[in-house]
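# Architecture at a glance
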Amino acid sequence: MGEGRQVAVNTTAHSSNAEGKLINSFYRCLGIARGRAEKLQQMTHVIEEFEATLCEEEEDGAAENAKRVIMEAYYGVLAPETIKVHPPTVVKTKGSCKRMKSAKEVALTAQVKKNRTCKTCGLASGHNSRSCPQ
Ligand SMILES: [Zn+2]
């Protein structure tokens, strides 16, 4: 059934590259957040949350290993490996720095929308030719 599923990833070959990527994005975000207490706090929060999930996984693994050892000791057989499917952890990381609009930006966009003139009556009162009251 779930046995024999192989994950063909050579972790040692890619770990340095993956680590480099992680370090790069970390410093990119840090550079952007530098001097902005709120952003730094957000970043810390995200990383701490991720750290917590890492620790959780480790404990799970340790517990599973312990169970298997006990099973083996009692029954003298290998306990079947439990395949656990974890839903992806929702951690805002990649891209969220770029996509996030500042309050100023949002306000600016709203203003531009508001000041758009209507083609039918020529008034800039927040409506367009389709929703024109005239
Ligand atoms: Zn109009």
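Residue numbering note: each chain is counted from 1, following its sequence as written. Since the coordinates come from a predicted model, pLDDT governs what is reported: local features require at least 70, and pairs of side-chain atoms require 80 or more to be given and counted, while whole-chain, interface and lining totals use all residues. The side-chain numbers reported here are obtained from all heavy atoms of the structure, hydrogens and water having been left aside.

Let us look at the overall build of the protein. Within the protein one finds four helices and zero strands. In sequence order, the protein lays out its α and β elements as α-α-α-α. Residue contacts are counted whenever heavy atoms from the two residues lie within 4.5 Å of one another. If you take every contact in the protein between residues at least 6 apart in sequence, the share linking residues at least 24 apart comes to 28%. For the area figures, the Shrake-Rupley method with a 1.4 Å probe applies, and any residue is considered shielded solely by the protein chains shown. Summing over all exposed atoms, the protein offers an accessible surface of approximately 12200 Å²; the carbon and sulfur share of this is 58%. Here a helix means four or more residues in a row that DSSP labels H or I, a strand means two or more in a row labelled E, and each is numbered from the N terminus.

With water excluded from the atoms, a metal site may look incomplete; its donors are any N, O or S atoms within 2.8 Å, or within 3.2 Å for Na, K and Ca. Within the protein, the atoms that donate to the zinc ion are C118 (SG), C121 (SG), H127 (NE2) and C132 (SG), at distances of 2.1 to 2.4 Å. Note that the zinc ion binds four donor atoms; their angles at the metal cover 104 to 116 degrees, and the shape is tetrahedral. Along the chain, the residues donating to the zinc ion are arranged with the sequence spacing C-x2-C-x5-H-x4-C. For C121, a relative accessible area of 23% puts it in the partly exposed group. Any coordination sphere not matching a tetrahedral pattern (four donors, all angles between 85 and 135 degrees) or a square planar or octahedral pattern (four or six donors, opposite donors over 155 degrees apart, other angles between 65 and 115) is reported as irregular. Accessibility here uses a 1.4 Å probe with only protein chains present; expressed as a share of the type maximum, an area under 20% marks a residue as buried, one over 50% as exposed, and anything in between as partly exposed.

Below, the discussion takes up the confidence of the model for the protein. Predictor confidence is given residue by residue as pLDDT, running from a minimum of 0 to a maximum of 100. Summary statistics for the protein give a mean pLDDT of 73 and a share of 63% for residues scoring 70 or more. By mean pLDDT, the top-scoring element of the protein is helix α1 (residues 11–33) (80), and the lowest-scoring one is helix α3 (residues 96–99) (53).

Glancing now at the side chain of H127. Counting through the fold element by element, H127 comes out in the segment after α4 (103–114). Each residue touching H127, except ones within four places of it in the same chain, is listed here: R116, C118, C121, C132 and P133.

The next point concerns the packing of aromatic side chains. Working definition: an aromatic ring pair is given by the centre-to-centre distance plus the angle between the planes. Two rings belonging to Phe, Tyr or Trp (six-membered ring only in the last case) form a pair when the distance between their centres is within 6.5 Å. Interplanar angles under 30 degrees mark stacking, angles over 60 mark edge-to-face geometry, and anything in between is tilted. Per the counting criterion, the structure on display carries one aromatic pair. Where F26 meets Y27, the ring centres are 5.4 Å apart and the plane angle is 85 degrees; that geometry is what we call edge-to-face.

Next up on the list: a nonpolar patch on the surface. On the surface, a nonpolar cluster with roughly 380 Å² of combined accessible area is contributed by I23, F26, Y27 and I47. In this fold, Y27 is placed in helix α1. Exposure above 30% relative accessible area and no salt bridge define the residues that can form patches, which grow by joining like charges within 9 Å and nonpolar side chains of Val, Leu, Ile, Met, Phe, Trp and Tyr within 5 Å. The salt bridge criterion pairs a side-chain nitrogen of Lys or Arg with a carboxyl oxygen of Asp or Glu, the two atoms within 4 Å.

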